[in-house]
Number of protein chains: 2
Amino acid sequence: MSKMTENAAFSQNKVLTIDTMNPNVKKMEYAVRGPIVQRAMQIEKELREGVKKPFTEVIKANIGDAHAMGQQPITFFRQVLALCSYPELLNDNMFPEDAKSRARRILQACGGNSLGAYSASQGIDCVRQDVARYIERRDGGVPCDPDNVYLTTGASNGIVTMLQLLVCGEGASKTGVMISIPQYPLYSAALAELGAVQVNYYLNEDKCWSMDLSELERSLAEARKHCNPKALCVINPGNPTGQVQSRQCIEDVIRFAAKEHLFLMADEVYQDNVYAEGCQFHSFKKVLFELGPQYSNTVELASFHSTSKCYMGECGFRGGYMEVINMDPEVKAQLTKLVSIRLCAPVPGQALMDLVVNSPQPGEPSYTTFMKERTATLSLLAEKAKLTEEILNTVPGITCNPVQGAMYSFPNISLPQKAIKEAKALGQVPDMFYCMKMLEETGICLVPGSGFGQKDGTYHFRMTILPPTDKLKILLAKVKEFHLRFTQQYS
Amino acid sequence: MSKMTENAAFSQNKVLTIDTMNPNVKKMEYAVRGPIVQRAMQIEKELREGVKKPFTEVIKANIGDAHAMGQQPITFFRQVLALCSYPELLNDNMFPEDAKSRARRILQACGGNSLGAYSASQGIDCVRQDVARYIERRDGGVPCDPDNVYLTTGASNGIVTMLQLLVCGEGASKTGVMISIPQYPLYSAALAELGAVQVNYYLNEDKCWSMDLSELERSLAEARKHCNPKALCVINPGNPTGQVQSRQCIEDVIRFAAKEHLFLMADEVYQDNVYAEGCQFHSFKKVLFELGPQYSNTVELASFHSTSKCYMGECGFRGGYMEVINMDPEVKAQLTKLVSIRLCAPVPGQALMDLVVNSPQPGEPSYTTFMKERTATLSLLAEKAKLTEEILNTVPGITCNPVQGAMYSFPNISLPQKAIKEAKALGQVPDMFYCMKMLEETGICLVPGSGFGQKDGTYHFRMTILPPTDKLKILLAKVKEFHLRFTQQYS
């Protein structure tokens, strides 16, 4: 019996097979850690084993993982986390007083004064209070009730939880959720998982990936023919597209949601990552309240933040929060019950979230260092955003919108017809074919645009702007070289 | 317009209401953090505000949260976590060398040498290797492939993920999952969430909560009339029931699963919590392999462990792992994809899991202290298990099985007919009525047996054995007093 037949026979006896497993899980896709990244990891292993390649290292620009790309953690945050982990250090004189007082405050709010106790389901009380005060400061005084704040396991967990609450129905009454295209594939994956209908609206690439009201209307009208659209998701600053939506645009979206009776979900994890001149971050919450009580008393909104992005880049801690506005009290009780079953978000991540929203203040001993580190990180990102846009736009066949914010560029790439044909003959999506070839020839790991969604007939890739400047320059030079060679090869 | 009418009118305009939300979420229940615990928190607030009560503090014995009950963390674990959080401390001479070398090893395995980087989706490689070696040692040399190990966000997350993979179908072909009654309500909640069929099998209270083969057969046969039972879940040592299953029983269960074509899920988070003489923890994996290749090559098994219980009690870190045996390779690829969408388990929890499976060894500087702390914690738990059983059994109308393991006793309570009638008149489950009354009169917070499931007409409560010994004695004395008073009042 051949190996394959053996496997098949063997597999038939299993309880859990590809044919008997949850079909929704099969439909889920997540390009950011998809086949191209798996191949990149294989190549790294081959390099370690001495296999000869046309390059000596894999440069990963596939995921917004700042520390992995060399960004340093904020000293103050890590000092407090060390103090909380091992409170004996509170007796040591090596830590500044503000770090110690933050640690004492967090520990006092923990059961048994330990990060090892479960927190309340919704999160540690004093952390939620600090989050509320942060939101109020950020939004120029718009009030925030700590009871509306839920601490989460990264933003992803909050987003999936909210979608889970929203989804119901079958057939034409099945819940539809509007998401931007291109999108961050957590959304499509979560909707597949929940068996909800993904309703696409396209961002306008020609207008720097802005949201067009007419496109929202088109998308919604079409969706209403076959499902029950209930929610509209916006990622601002944008992932994978790096745009920062204007205040006007956000206002339009809120009016649209109010008029069309849609629940709003605002993914605002890149709120500090704004680089382009003239661009500014406006939270949906703030604009909602500026539109007056007609909106602020009615429109249902959930917004999400995280410790993973901005100047912190602390992805590994899985810290985050969501704020819910105008949520029905009965539904809120259900939400609290739902999160209680997972017991609580990781407590070290909650502590870190607290530090982000309650960072050193002027006059405190750690303030100067904190501000220096924060500013340096954000300035460097702004520099790299500019560099990426400029160099990519020098390549014939690559067009790159300004990276106004977030951590990614999503350039449009022209692929020769011959390449498209060859890809299709191989059963591959053309930009996957392109990115895989780039990986094999240059060691650069990007994510094909098809993993995020794009207009038919257009091709893109997403690359992070996170590699250290010298490496980023090498990466961009290699991308340029590869693109020219690829274009020539298939012309 | 009255407040209520106003709310109703208001609510009708919401997108997300109790009527339009996900119906599966509504069905979920989690007694461990249910109404009685919410009331306990209210009472604590009332006490702080100076409201007079017949007691001065609420004693919580509702949840297995060891640190909140005063258990101290293991020094070595916290030293390494502090070093990993703030690696500057590696230059300090206050930490033992073995703590430093563990920290260095963990950091080297992290992207950018930072706990702040995402790990690989399945977990940090070297941690999975350490887990595999731990399992091999624990199981007397039965091999463990690190590729079969997934690091999780506590055990809960692993259990829900496995159930999610298993569930499919509609109507009579809908997936059924067999769970013990009494059960830990994560299981019933997850099955409700996934829309799967909960198939109950009853533990034998008269035989110290053991599993009876005949009961498994009865349960399965009945379930097959209306669903497609695919998996069998076992919690050993038991939650909420505190039993430790015998080797023979585990063997019987494995043979049953093999014969009946069931996927086995073994929740073994209390594997170090074994107190009773003559009792021993046997992992399902080990027994499976001892049964020979006929079983070890075929039976599909997922087993779960966590940093939250045993002598560690580090619930807040949400660390855990699962090992999958004989899983179809295609399904395993789907599992890896599924976990990749959540990016990774919290990295501090992964680091802590590593320390649990790679603890100080003889000859290392921290060994003596580590062993002293570990032994002290487990001995104290053993003492409290005994104390709880003994005192409860002195109360007429309370019958308590030995607390052989885990962290709970689940005594049977006789309730007078008059009390049952009064509870029903109030629309309450009788043991909820009993526990709520106990909370109001004594400040003791237990969870009614109905939250875990029990044979019709029997009543129980779950209490943890975690309070400090002096407090536990007070608690038990108060329970006794209350039970006598309650019985008299309703006789």
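Residues numbered from 1 in each chain as written. Chains lettered and ligands numbered in written order. Predicted model: local features only at pLDDT ≥ 70, side-chain atom pairs only at ≥ 80, totals over all residues. Heavy atoms only, no water.

What follows covers the relation of the copies chain A and chain B. Both copies of the chain are placed relative to one another by a rotation about an axis and a shift along it. When chain A is fitted to chain B, the residual RMSD is 0.0 Å, and the transformation amounts to a turn of 180 degrees plus an axial shift of 0.0 Å. Between the two chains, the operation in question is that of a two-fold axis. Judged by C-alpha distance, Ala82(A) is the residue of chain A that lies nearest the rotation axis, at 2.1 Å. With an isologous cut-off of 70% or more, the 100% of interface residues of chain A that recur at the interface of chain B puts this contact in the isologous class. (Least-squares fit on C-alpha atoms with pLDDT ≥ 70 in both. Contact = heavy atoms within 4.5 Å.)

This model, assessed by the stated rule, comprises 28 aromatic pairs over all chains. Taking 5.7 Å as the distance between ring centres and 85 degrees as the angle between the ring planes, the aromatic pair formed by Phe410(A) and Phe452(A) counts as edge-to-face. Remark: Phe452(A) occurs in the loop between β13 (447-448) and β14 (461-464) and Phe410(A) occurs in the loop between β10 (408-409) and β11 (412-413); sequence separation between them is 42 residues. Consider the rings of Tyr434(A) and Phe461(A), whose centres lie 6.3 Å apart with planes at 15 degrees: the pair is stacked. Taken as a pair, Tyr434(A) in helix α17 (residues 430-442) and Phe461(A) in strand β14 lie far apart in primary sequence, 27 residues in all. Accessibility expressed as a relative area gives 0% for Tyr434(A), which makes it buried. The positively charged end of Arg462(A) is found above the aromatic ring belonging to Tyr408(A), 4.0 Å away from the centroid. Lying over the aromatic face of Phe289(B), Lys285(B) brings its terminal NZ or CZ to 5.7 Å of the ring centre. (Phe/Tyr/Trp six-rings, centres within 6.5 Å; stacked < 30°, edge-to-face > 60°. Helix = DSSP H or I, 4+ residues; strand = E, 2+ residues; numbered from the N terminus. Buried < 20%, exposed > 50% of the residue type's maximum accessible area, 1.4 Å probe, protein only. Lys NZ or Arg CZ within 6 Å of the ring centre and 35° of its normal.)

Attention now goes to the sheet that holds β14(A). Sheet architecture is open: 3 strands sit in the order β10-β14-β13 (chain A), paired in antiparallel fashion. On the outer flanks of this sheet lie β10 and β13 of chain A, each paired with one strand and no other. (Pairing = 2+ DSSP bridges.)

If you look at the biggest cluster of nonpolar residues, it comprises 202 residues, and the most contacted ones within it are Met162(A) and Met162(B). Not counting the four nearest positions on each side in its chain, Met162(A) is found in contact with Phe263(A), Met265(A), Ala302(A), Phe304(A), Met322(A), Val324(A), Met327(A) and Leu16(B). In terms of nonpolar packing, the next biggest core, distinct from the first, is built from 38 residues, Ala61(B), Ile420(B), Cys435(B) and Leu472(B) among them. (Core = buried A, V, L, I, M, F, W, Y, C linked by side-chain atoms within 4.5 Å.)

Sequence positions flagged by UniProt for "domain: Aminotransferase class I/classII large" (unreviewed entry) are, in local numbering, residues 95-477 of chain A. With 43% helix and 15% strand, the stretch residues 95-477 of chain A has end C-alpha atoms that lie 44 Å from each other. (UniProt positions renumbered as here; feature names shortened; annotations may be inferred.)

What follows deals with the interface of chain A and chain B. Taken residue by residue, the interface counts 88 residues in chain A and 88 residues in chain B. At the boundary of chain A with chain B, total buried surface from both sides reaches about 7,500 Å², with 60% on carbon and sulfur atoms. The largest per-residue losses of area from chain A upon contact with chain B belong to Val15(A), Leu16(A) and Tyr118(A), which jointly make up 10% of the total buried on that side. At the junction of chain A with chain B, the criterion picks out 2 salt bridges. For the salt bridge of Glu193(B) with Arg342(A), the shortest nitrogen-to-oxygen distance reads 2.8 Å. On the surface where chain A and chain B come into contact, there are 42 residue pairs in polar contact (both at pLDDT 80 or more). Sorting the residues of the side of chain A that touches chain B by element identifies α1 (3-12), α2 (23-27), α4 (75-85), α7 (154-166), α8 (186-194), α13 (329-341) and α14 (347-357) of chain A as the ones contributing at least two each. When grouped by side-chain class, the residues that make up the side of chain A that touches chain B number 45 nonpolar, 26 polar and 17 charged. (Buried area = accessible area lost by both parts, 1.4 Å probe. Salt bridge = Lys/Arg side-chain N within 4 Å of Asp/Glu carboxyl O. Polar contact = N/O pair within 3.5 Å; in protein donor to acceptor, adjacent residues only side chain to side chain. Nonpolar A, V, L, I, M, F, W, Y, C, P; charged D, E, K, R; others polar.)

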